[in-house]
Amino acid sequence: MKQSRKFAEWYNRWADWKVEDLFSKKREPGPRRTVYMNENLPEDYLDANGKVKKEHVYATNQVITSKYTVVTFVPRNLLEQFRRVANVFFLFIAVLQFSPRFSTISPGLVILPLLIVLTITALKDAYEDVKRHQSDRRVNHSQVRVVAGGEGWANPNAMEKKSKTFVRGLVPKLRRSAKSKKVKNVNPAGEELAGVTSRHSTEPVIEHDDAPEEHHAHFPHILPTTSRPTAKPHWKHTAWEDVSVGDFVKIVDDESLPADVLICATSEDENVAFVETKNLDGETNLKSRNAVPALTHIRSATDCVSPHNSFRIDCDRPDTNMYRLNAAVRVGNDTFPVDMQNVLLRGTVLRNTKWVIGVVIFTGADTRIVMNAGGTPSKRSKVERQMNPQVFINLLILALMAIACAVVDSILQHQDYPRGAPWLFWANRSGDNPSINGLITFFFALITFQNIVPISLYISIEFVRTCQAAFIYFDSEIYYKETDQATIARSWNLSDDLGQIEYIFSDKTGTLTQNSMVFRKCCIGGKIYNGDPDMDERDAEGREKDASSVKALPALIDAQGTKLDGAQEIQMTDLSSGSSDSGREKKQEEKPQGDSDSTDTPDPLKAKAVKAKVHFHDVDLEHDIQQSLHVEPGGPDAAHARLLNGFFSVLALCHTVLTSVDPHTGVIEYKAQSPDEAALVQAAADMGFVFRGRDSREVMLLQTPYSSAAPSSSSPPPTASSDPERKGSSSTSPPPEALERYELLNVLEFSSARKRMSVVVRKMDSDDQRLFLMTKGADNVIFERLKKGTGDDLKKETEKALDDFASEGLRTLTLAYKVISEEYYQAWAERYHEATVSLDDREEKIEAICSELEQDLRLLGATAIEDRLQDGVPETIADLKKAGIKIWVATGDKLETAIAPTLLAATRTSSSSVVETKVDPVYDQIMYAVEEFFPESGIIDERGEVRDIDDVPSTPKQSMKPGPRRNSTQDEVHPGGPLRRFDTGISSIVGSQNGERPGGFVLVIDGPALGVALGDERHKSILLQLAMLCEGVICCRVSPLQKALIVRLVKDGLGTMTLAIGDGANDVSMIQAADVGVGISGEEGLQAVNSSDYAIAQFRFLKRLLLVHGHWSYYRNGNMILNFFYKNIVCIGVLWWFQIYCAWSSTYVLEYTYLLFWNSFWTIAPVIAIGLFDRLADDHDLMAFPELYRFGREGRWFGMKVFGIFMFDGVFQSAIVFFLILYTYVTVSSRADGWSVSIYELSTTMVFAAVFTANFFNGLNTNTWTAWVFFAVFLGDVLVWLYTVVYNSISPGWFVTPVYGNNHFLFRSPYFWFCLPLTIFISLLPRYLYKAYRMGYRADDIDIIRYVRKFNPGVELRQEASEEMVYPPLRRPESVATRSMRSVSSLPVRPSGDFRSASRTDMSTGITSQHRGFDFSMEERGVAIQRLQSNLSERRMSKQHLPQSSPKKGLAQKLTLPRRFGRRKSNAKDPAES
């Protein structure tokens, strides 16, 4: 057993050997580097010849995902093709026949088939790679602004030369030189910089800093070189591949980063930049980055090239870690630290920032994203890998046949030579004697029986796979009309792998989800507002392609009730004692006059509309808000009106969202680090609570329907039903609304541990200037901080609503507030300030002080946001799981934002138990999870040790279900010691009874834990075994490299077929590591598509790609290959049986041309028809019954077992053909004249019988007979007949043939006409009987469906059942005679996910709790929030020296409606107090 395992391991290592290892030598990361800016390189950087040393030459920014270059194409492609054992054999046979002793026909004709196969395969590979080169060219030739001009300025840092691609190598130099020419860059010393040559267009696009800055999509100030002097420093548009280390680049809003760039300055206050990193980590929330303080004065091209701005950047060596960077900037004698917070990585996109100026520090292969990607692999399909052992077996059979002929021939010659056999005359020479003749017979036998390994098989496979790629391309069902994109097979040789996938590894953001958050539902005061079901359709009516919907805003009114138009200014009251104004004036003075961001910014107060992808609509909610405008203070609806006001006030004020106004359209847009926050603020704006921005960052401006001095009180505004805006029309403006001002005092930050965010604000327009604490967060965190004894009924109603929201997979937040007295706040603020400046345990003290304030809250309600899944994702994954495919999700998202939508999409189970593994000790957590939930799995032996994955007993699936869960409250010790129970902030979001849910288990593991688990074989083994027992696996916070390691863990550990799908650059390594990589053309660019094997437009297309095209391709290719081997065995078998009668001399029984054309004309068409047209089931049945995919997943249609059966068929049929015809002809002469028959008379009959038998057998194995199949089956029969008639009629006057005149005897013989039907019938009878028996008594699911379709083609096989009914899978009946239509079992309708019964266990703490859908994420301790906290802290410090105003007495302890409702006591009962 061990020896066979070692042999299998050796063979697998040989089969998995990668050709690219010879040509794409892994580039080791370079040493630590120093980037010199505006100064020459030091002397020690140069060698004796004055050239830069190799270790100081940096990688080019040209990134190539293609496999070949002009130089490497021929050798690398030949090596890849000669990985096929058959090609090596064909080459050996061809070379052997160049020897005169073994020559059969012209040596050139012998090697011609091999050359044709190699050429056609090479052309196919070249075409695929040219497409990759074209994609690379689009990326490498993207434009970026690079500083240029200036007196004598040049970048001194040296770069490698760019690689020559197919396009560069094949385009004539003359044509290129006619369009552009190369310019050599030199440093101040006159040295030519290696690799820094760049294309110099005749009219380069340049920009100057003194021109008015416009959006990067249209530049009216861009002029060609001829109109402006280039000596002046400017920004030149340069291709990405020409960007060098040390270049100053300028990136504008919504542009991608071409390299890893160190930030010098930005257009924003305090030099902050916001970037979208979903290409790197999959997170959609924006990250804030800040400039290096020492370089913030570099704000123009002139500053960049100024010799006074010389500095050095010391960087650590390139690393794959995307969250760590050790670097420093040296300016003179001062050194400033640099970390990842100061760097923009390649692949990120600049957002909400007008421009950024930076220095390139890492390029190309040294950038983080490329280092995590890896090289383009050379993939081979599983069928092709399985063919190699089969070819080995055939070669072994061929060797045994040749040895048998050689040995027997030598023995016979040794026996007959002493007897004076005339055919051995003169057989006593050194080159001709019985001993040496045995060796010569061996080589002759190799040539005679060489067709046992058909060379035409490979060219047939390539042709069929090319056609299958075309079938995929022209399939209208997987064509996306909105983007005019078809599904494209970028690798044509993997089509059959699509039918054998067992594991799918998927990205989340952009693949399963749409990168957009939509406010769907809310619960206010216990009343649920579900939103209008046609929200998406309403907004789509007025939305252009790829644009957002625009909704008109109500006009603003001032304090006197005057409506303001766009030309009027609103005088804002400043209560900050002048600190804000002075600070703003100071910042304006610091800005240079020529700065590009000194232009006027549109005022958010003048915005006339708000933009969003989907606007929230709810008829009932709008009606309630309209009614609340006229509610009487003592009326029954006053309490609910106050809750409405408070709810949307919290949504509109408790956030860190920025406002942006398009200067051309006047449309306001909310931009946030967290997409959840933007959706919440947008929903408030849709309901009339419009956040209009901030005045000096401390005063928040809120436009509400509740006017404190609205003249419209006497005339009620239109109701929701009469509001034309709700129909998508912007022709009629909503009624004017008032502007409220809130002074922002404190922001209590969100974190994954706190699970909540709070703000302290002062309402500036009210008489008492009350203080409010507004909070949003997870339900369990908010509920435990509510005021005791009040609002219990409201809490129960909200909990019920949260359960309903979570059951639909929505992301929930709970809102609360409280009113703070001035005395309490002043005392708390002092303690909070002391905690923020504490040197010891600062974070713990801040959390304690914040928690002290966030008590006795009043509940307002809850929100439900949809992390929108791609169209058809849940249904697609449900069907893929029915097909037996396991889904793993690998995402860079945080744990909270990854679980809810992933559970909904990837598990599709009504109740799942979540096993969560994070932090150390990982091994102990996994061990405890196995013992806790899978005690009968057999993973752990009697000694408590983990078994090897191959030694785990194969237990039936029924017994692999989770065992009874031990009582977690008992004092028991698991391998890692007692579980530590502490609040991690993310461990209390699942329910009780974890491990007892019927929906199975989902394993969740985060990046740090995964890094440990993938560190050694011990961790890998137990992690893999635990994952195999779970329904799904979710990997959170994983890097691109870890994604690839996860794929390899399953691919290599289990030997299963894997598919990876993603849409971003962070998915490239995962796509390349999997057996099949699928890229989605999404919002994250084309990096994933460029590296993929198949490119699709929507995730839902994956279902048809696998279940239909994968099923068809695998069956067709497997059946075609088996029939190919079979038909050649029939031919070789006839030759072999003849050796018995020709003294084993390797003599042909057939005329040689029949053998030559066997695979070319006689029998090629039927197998090609199988590969192109055969199918077991129609596409609609395969889509309706995903369970049928298991036949391909289990490898039913191709393997050693079915290969052996087909080989036996070939041997049996060859024996029938040979011996039946032989003894028919030689027993009694078939000639009327009594003469003996010629050898070619009976052998030609054998040819006819063998051709007809092989073609009809192929037809018998074809399940779908079309006109093309009929044509293919009978084509070879007709051709062999016509050829025989013509070939036997050629007289010696034309050229000599051994069969001239054979027609006279052949077609007149009754034996010929009798032998054909008899041999064909006897040969095909066993296969026919077997197929009849299996169809009648051993039918499988496909046979049942085929039977039903044949006799009842219009019947609907899949019937929808109620959710309460559970039907078994398709069953195998006993016989067709007793089968009825009811034998096809109906399958249940998909259950809706009910997260009320979901549970989650944190294995690091042992805590188990219920999950109600809380999901919220934003950048923790980012630059933006720190900047806001710093401003608030400075403001507090400045106000400490001012006299404090006396606090108001008798403050109301709840949010109230505007004063027009009166201040008298209301008789209505407040739900918050009930």
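What you see is a predicted model; the values in this text were computed from it and never measured.

A.B. asks: Whenever I open this one, the overall build of the protein confuses me. Can you help?
C.D. replies: When helices and strands are counted, the protein shows 43 helices and 40 strands. Expressed as a percentage of its 1474 residues, the buried residues of the protein come to 57%. Long-range contacts, defined as pairs at least 24 residues apart, comprise 79% of the intrachain contacts of the protein with a sequence gap of at least 6. On the protein, roughly 62,000 Å² of surface is accessible, and the fraction owed to carbon and sulfur atoms is 56%.

A.B. asks: Got a minute to help me understand the sheet that holds strand S9 (residues 272–276) in this structure?
C.D. replies: The strands that make up a sheet are held in pairs by hydrogen bonds between backbone atoms, and each pair lies either parallel or antiparallel. The strand order across the open sheet built from 3 strands is S10-S9-S15, with neighbouring strands paired in antiparallel fashion. Of all the strands in the sheet, just strand S10 (287–290) and strand S15 (349–351) have a single pairing partner and so form its edges. Taking the axes of each pair of neighbouring strands and ignoring which way they run, one obtains an average angle of 45 degrees across the sheet. Sheet topology places S9 next to S15; 3 bridges connect them, and they run antiparallel. Within the sheet, the bridge partner assigned to Val 275 lies in S15 and is Leu 350.

A.B. asks: What is the right way to read the packing of helix H4 (residues 85–96) against helix H11 (residues 382–416) from this model?
C.D. replies: As a packed pair, H4 and H11 sit with axes 9 Å apart at the nearest point and diverge in direction by 35 degrees. Contacts from Val 85, Ala 86 and Phe 89 of H4 reach H11 at Asn 388, Val 391, Phe 392, Leu 395 and Leu 398. Of the residues in the contact of H4 with H11, the class split is 7 nonpolar, 1 polar and no charged.

A.B. asks: Can you walk me through the packing of helix H21 (residues 822–836) against helix H22 (residues 842–853) in this structure?
C.D. replies: In helix packing, the relevant descriptors are the interaxial angle and the interaxial distance, both defined with respect to the helix axes. One can describe the packing of H21 onto H22 by two numbers: an axis separation of 8 Å at closest approach and a directional angle of 165 degrees. By the angle class used here, H21 and H22 are roughly antiparallel. For the pair H21 and H22, the crossing hand works out as left-handed. Along the contact surface, H21 presents Tyr 824, Trp 828, Arg 831, Tyr 832, Ala 835 and Thr 836, while H22 presents Arg 842, Lys 845, Ile 846, Ile 849, Cys 850, Glu 852 and Leu 853. Residues of the contact of H21 with H22, tallied by class, amount to 8 nonpolar, 1 polar and 4 charged.

A.B. asks: It is not clear to me how unusual backbone geometry should be interpreted in this structure. Could you clarify?
C.D. replies: The phi angle of most residues is negative, glycine excepted, and most peptide bonds adopt the trans form. The phi dihedral of Asp 254 falls on the positive side, at around 70 degrees, and the residue is not glycine. Mapping Asp 254 onto the fold places it in the loop between strand S7 (248–252) and strand S8 (260–266). Backbone geometry places Asp 484, a non-glycine residue, at a positive phi of 55 degrees. Its place among the elements puts Asp 484 in the loop between helix H13 (456–473) and strand S17 (488–489).

A.B. asks: Looking at this structure, I do not really get the packing of aromatic side chains. What am I missing?
C.D. replies: Geometry of an aromatic ring pair is reported as the spacing of the ring centres plus the angle between the planes. Applying the stated criterion across every chain, the model contains 55 aromatic pairs. Pairing Trp 1137 with Phe 1219 gives two aromatic rings, centres 5.5 Å apart and planes at 55 degrees, and the pair type is tilted. Residue Trp 1137 is located in helix H31 (residues 1101–1138), and its partner Phe 1219 is located in helix H37 (residues 1200–1227); the two are separated by 82 residues in the primary sequence. Here Phe 1219 falls in the partly exposed class, since its relative accessible area comes to 23%. An aromatic cluster is built from Phe 1248, Phe 1252, Phe 1256, Phe 1274, Trp 1281, Phe 1307, Phe 1312 and Trp 1313, whose rings are joined through pairwise contacts. We note Lys 1350 situated over the ring of Phe 1351; from NZ or CZ to the ring centre the distance is 5.9 Å.

A.B. asks: So what exactly am I meant to see when it comes to the pattern of salt bridges here?
C.D. replies: Pairs can form between side chains of opposite charge once their charged atoms are near each other. The full count for this structure, using the stated rule, is 47 salt bridges. Its salt-bridge partner being Asp 1178, residue Arg 1175 comes within 3.0 Å of it at the nearest N-O pair.

A.B. asks: For this particular structure, what's the right way to read helix H28 (residues 1040–1054)?
C.D. replies: Because an α-helix completes one turn every 3.6 residues, residues spaced three or four positions apart along the sequence face the same direction. For H28, spanning 15 residues, the distance from its first C-alpha to its last is 22 Å, which sits close to the expected 21 Å at 1.5 Å a residue. When we look at burial in H28, the residues that qualify are Pro 1040, Gln 1042, Lys 1043, Ala 1044, Ile 1046, Val 1047, Leu 1049 and Val 1050. Gly 1055 occupies a position one or two residues after H28 and carries a positive phi of about 65 degrees.

Scoring rules and cut-offs
Counting from 1, residues in each chain are numbered in the order their sequence is written. Note on the predicted model: pLDDT of at least 70 is required for a residue's local features to be given, and 80 or more for side-chain atom pairs to be given and counted; whole-chain, interface and lining totals, by contrast, use all residues. Computation of side-chain values covers all heavy atoms of the structure but excludes hydrogens and water. A run of H or I in DSSP counts as a helix once it spans at least four residues, and a run of E counts as a strand once it spans at least two, with each numbered from the N terminus. Exposed residues in this analysis have more than 50% of their type's maximum accessible area, buried residues have under 20%, and partly exposed residues fall in between, with area computed by a 1.4 Å probe over protein chains only. Any two residues whose heavy atoms approach within 4.5 Å at even a single point are treated as in contact. To be clear on the numbers: accessible area is Shrake-Rupley with a 1.4 Å probe, and residue cover counts the displayed protein chains and nothing else. Two strands are counted as paired when DSSP detects at least two bridges linking them. Think of each axis as a best-fit line through the C-alpha atoms, taken over the contacting stretch in the case of a helix, with angles from 0 to 180 degrees between the N-to-C directions. In this count, Pro and Cys sit with the nonpolar residues alongside Ala, Val, Leu, Ile, Met, Phe, Trp and Tyr, while Asp, Glu, Lys and Arg are called charged and the others, Gly among them, polar. Every angle not falling under 35 degrees, over 145, or within 65 to 115 is termed oblique; those three ranges are roughly parallel, roughly antiparallel and roughly perpendicular. In a left-handed crossing the near helix is turned counterclockwise from the far helix by less than a right angle, and in a right-handed crossing that turn is clockwise. Any Phe, Tyr or Trp ring, taking Trp's six-membered ring, that has another such ring centre within 6.5 Å forms a pair; planes under 30 degrees apart are called stacked, those over 60 apart edge-to-face, and the others tilted. We call a charge positioned over a ring when the NZ of a Lys or the CZ of an Arg lies within 6 Å of the ring centre and within 35 degrees of the ring normal. Take a side-chain nitrogen of Lys or Arg and a carboxyl oxygen of Asp or Glu: if they are within 4 Å of each other, that pair is a salt bridge. Expected helix span is computed as 1.5 Å times (number of residues minus one).

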